[in-house]
Amino acid sequence: MTTQTATPAPVTAVKPPLRIFLTILHLAGVGILGGAIFGMLGGLLGTGLGLLFVAGIGLVLLVGLVYALYGLGWFEIARVGALYRTRIPPLRPQPRDRPGFGGWLRSLGRQAIDGRMWRAVANFAISALLGFIVLRLFWGLVWSIFISFAPLTDADAVIGPFGGGGIAVAWAPLVGILGIAACLAGMLGLALLHRTLSLAIVIRSKETELTERVRTSTAQREGAVRAADVERTRIERDLHDGVQPRLVSVGMTLGLAQQKIDNDPDAAKELINEAHTSTKAAITELRQLARGIHASVLDDRGLDAALSALAGRSHIPVHLDVRMDPSTGSGIHASTGSGAHAPTRPGREAEAAVYFSIAESLTNAAKHSRASEVRVTVRLREGNILWARVEDNGIGGAQVQPGGGLDGIANRILAAGGTFRLDSPQGGPTSLEVNVPCAS
């Protein structure tokens, strides 16, 4: 599996004074919350390690710590992206590479060492430190403003902002003006420093981005090769186990009819009729096999119509819900999958990957799940992501086996740059989710 990562868009031009003011507000807020948040995280870590061997309580706390760090990293990336108006891909949880508890444990381990999450947490810690300094500077600014008017009072001296010796009233206006200038300059510098550090830490360098693209392209190529191998094996199996024996039977039946045509014309006629029936069945199987390789309706009428035809041929009742317009939510709602054209058309590669994933899921449900109903939901989400979910009420227990149908789905989705998630506990239900980025 792979997770598609978009390249951050350049920072948009905004009014500098407003951006600096918002940055200072952000730093002040993070400075106030940072201590409490890191105190809670430290408490979770210490308590989890201390209770590590006490009835598994420590393990539960450490798992909670990982999810808390993920939430903090997700918040920090969203905060920096919103503050500086730059399109940063959100932090996503590590996907499972296999179903069940083992798959969850492996994804949790990858999440605990996710470099992007830790960079975001480190940036929050730096921002909290800068925010603490901003709060002190703000207090110094307020103090400087007040002592600037000290000569208007009857006091002989004023106390410094952090205690200590007093300042003569005669010098108070000068000290106040200098303090105002220094505090404002300090807050301005911290705001600019925060912008530089945040964009350098949260947004990866160009070299890292290119490395990730190469890794993603390699994974997609490997997935495409494996998907092609699985598809070729499936076609060979279908031809060998289905069409080929039927055609051999047709040939043998016609041979028997040829032998009987002179001596027993009626029997020969029956054999010819039988061969004719078998030939039509073989043609039907070949059409179904060709449809599994390429769905022409997908090119002609789009994904919603292709899925409607797919649901109509299913041996299990299918409730199909397709919405291809993320802004209006318009689409189709039908128990059999019929509906009008959706207003938005994703890319051909994304449509094909999702279509064949749903087709294979329906085939698996009909063969193995003992389900009485299947629900298929398709959405074109914000960010130009095509998402689909197939859920049946069967007995569950589905697993990704090398060379099997689910393995073919995973490889096809990987080749399209998407993610694949299977959840099928014993006793059901079985749900399969895919996310595929559409071509821009």
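Placed above this text is the structure.
Just so it is clear, the model here is predicted, and its values are computed rather than measured. (Residues numbered from 1 in each chain as written. Predicted model: local features only at pLDDT ≥ 70, side-chain atom pairs only at ≥ 80, totals over all residues. Heavy atoms only, no water.)

Draft legend 1. The overall build of the chain, seen in detail. A count of helices and strands for the chain gives 11 helices and eight strands. Evaluated residue by residue, the chain yields a buried proportion of 38% over its 440 residues. Of the roughly 23,900 Å² of accessible surface on the chain, 63% is carried by carbon and sulfur atoms. (Helix = DSSP H or I, 4+ residues; strand = E, 2+ residues; numbered from the N terminus. Buried < 20%, exposed > 50% of the residue type's maximum accessible area, 1.4 Å probe, protein only. Areas by Shrake-Rupley, 256 points an atom, 1.4 Å probe, with all protein chains shown as cover.)

Draft legend 2. Broad picture of the packing of helix α9 (residues 303–313) against helix α10 (residues 348–369). Where α9 contacts α10, the two axes come as close as 11 Å, and the packing angle between them is 10°. Classified by the angle between their axes, α9 and α10 sit roughly parallel to one another. Residue-level contacts link L303, A306, L307, L310 and R313 of α9 to E351, V354, Y355, I358, A359 and L362 of α10. Partitioned by chemical class, the residues of the contact of α9 with α10 number nine nonpolar, no polar and two charged. (Axes fitted to C-alpha atoms, helices over the stretch in contact; angles between N-to-C directions. Parallel < 35°, antiparallel > 145°, perpendicular 65-115°, else oblique. Contact = heavy atoms within 4.5 Å. Nonpolar A, V, L, I, M, F, W, Y, C, P; charged D, E, K, R; others polar.)

Draft legend 3. Fine view of the side chain of H194. On the secondary structure map, H194 appears in helix α5 (residues 172–201). By relative accessible area, which is 1% here, H194 ends up buried. Those residues in contact with H194 that sit more than four places away from it in its chain are T23, L27, R79, L83, Y84, S127 and L130.

Draft legend 4. Up close: the pattern of salt bridges. Under the defined criterion, the tally for this structure stands at five salt bridges. E76 serves as the salt-bridge partner of R79, at 2.7 Å between the closest nitrogen and oxygen. A residue pair is termed a helical-turn pair when its members lie 3 or 4 positions apart in one helix, as R79 and E76 do in helix α2 (residues 57–83) at three residues. The burial state of R79 is the same as that of E76; both residues are buried. Here the residues in one salt-bridge network are D321, R323 and R379, joined through shared partners. (Salt bridge = Lys/Arg side-chain N within 4 Å of Asp/Glu carboxyl O.)

Draft legend 5. Focus on unusual backbone geometry. Phi at R370 takes a positive value of approximately 60°, unusual for a residue other than glycine. Note on R370: relative accessible area 73%, which makes it exposed.

Draft legend 6. Spotlight on α5. Compared with an ideal rise of 1.5 Å per residue, which puts 30 residues at 44 Å, α5 spans 42 Å between its outermost C-alpha atoms and is within 8% of the ideal. Turning to α5, its buried residues number three or more, namely A172, G176, G179, C183, M187, L190, A191, H194, S198 and L199. (Expected span 1.5 Å × (residues − 1).)

Draft legend 7. Local environment of the packing of helix α4 (residues 115–147) against α5. Look at α4 against α5: their axes get within 8 Å of each other, and the N-to-C directions meet at 165°. On the basis of the axis angle, α4 is roughly antiparallel to α5. The two elements α4 and α5 meet at a crossing, and its hand is left-handed. Taken together, the residues of the contact of α4 with α5 sort by class into 21 nonpolar, nine polar and one charged. (Left-handed = near helix turned anticlockwise from the far one by under 90°.)

Draft legend 8. Highlighting the environment of D321. Secondary-structure assignment places D321 in strand β3 (residues 318–323). Overall, the relative accessible area of 10% leaves D321 in the buried class.

Draft legend 9. Local environment of the nonpolar core. Counting 39 residues, the largest nonpolar core has L307, I358, V376, V378 and L386 as its most contacted members. For this core, the secondary-structure elements that each account for two or more residues are α9, β3, α10, β5 (374–381), β6 (385–392), α11 (405–415), β7 (419–423) and β8 (430–437). The greatest single-element share of this core, amounting to 10 residues, is contributed by α10. Discounting residues that sit within four places of it in the chain, V378 has contacts with L303, L307, D321, V322, R323, M324, I358, L386, W387 and A388. (Core = buried A, V, L, I, M, F, W, Y, C linked by side-chain atoms within 4.5 Å.)

Draft legend 10. Quick look at the packing of aromatic side chains. Summed over all chains, the structure comprises three aromatic pairs. Each ring, one from F38 and one from F124, has its centre 5.7 Å from the other, and the planes form 40°; the classification is tilted. Taken together, the residues F38 in helix α1 (residues 16–50) and F124 in helix α4 connect sequence positions 86 residues apart. Given the relative accessible area of 29%, F38 is considered partly exposed. For F124, a relative accessible area of 2% corresponds to the buried category. Ring centres of F75 and F124 lie 6.4 Å apart, and the angle between their planes is 70°; this geometry places the pair in the edge-to-face category. Here F124 lies in helix α4 and F75 lies in helix α2, a separation of 49 residues in the sequence. Linked through ring pairs, F38, F75 and F124 together constitute an aromatic cluster. (Phe/Tyr/Trp six-rings, centres within 6.5 Å; stacked < 30°, edge-to-face > 60°.)

Draft legend 11. How the structure looks around α10. Counted at 1.5 Å a residue, the expected span for α10 with its 22 residues is 32 Å, and the 30 Å between its end C-alpha atoms agrees. One or two steps after α10, the chain reaches R370, where phi turns positive at roughly 60°.

Draft legend 12. Looking closely at the environment of G394. With respect to the element layout, G394 can be found in the loop between β6 and α11. Put simply, G394 and A371 are 23 residues apart on the chain and 3.9 Å apart in space, counted from C-alpha to C-alpha. Residues in contact with G394, not counting those within four places in the same chain, are S369, R370, A371, G427, G428 and P429.

Draft legend 13. Molecular detail of a nonpolar patch on the surface. A cluster of nonpolar residues, L18, F21 and L25, forms a patch on the protein surface that exposes about 300 Å² of accessible area. With respect to the element layout, F21 can be found in helix α1. Residue F21 is classed as partly exposed on the basis of its relative accessible area of 48%. (Patch = residues over 30% accessible without salt bridge, like charges linked within 9 Å, V, L, I, M, F, W, Y side chains within 5 Å.)

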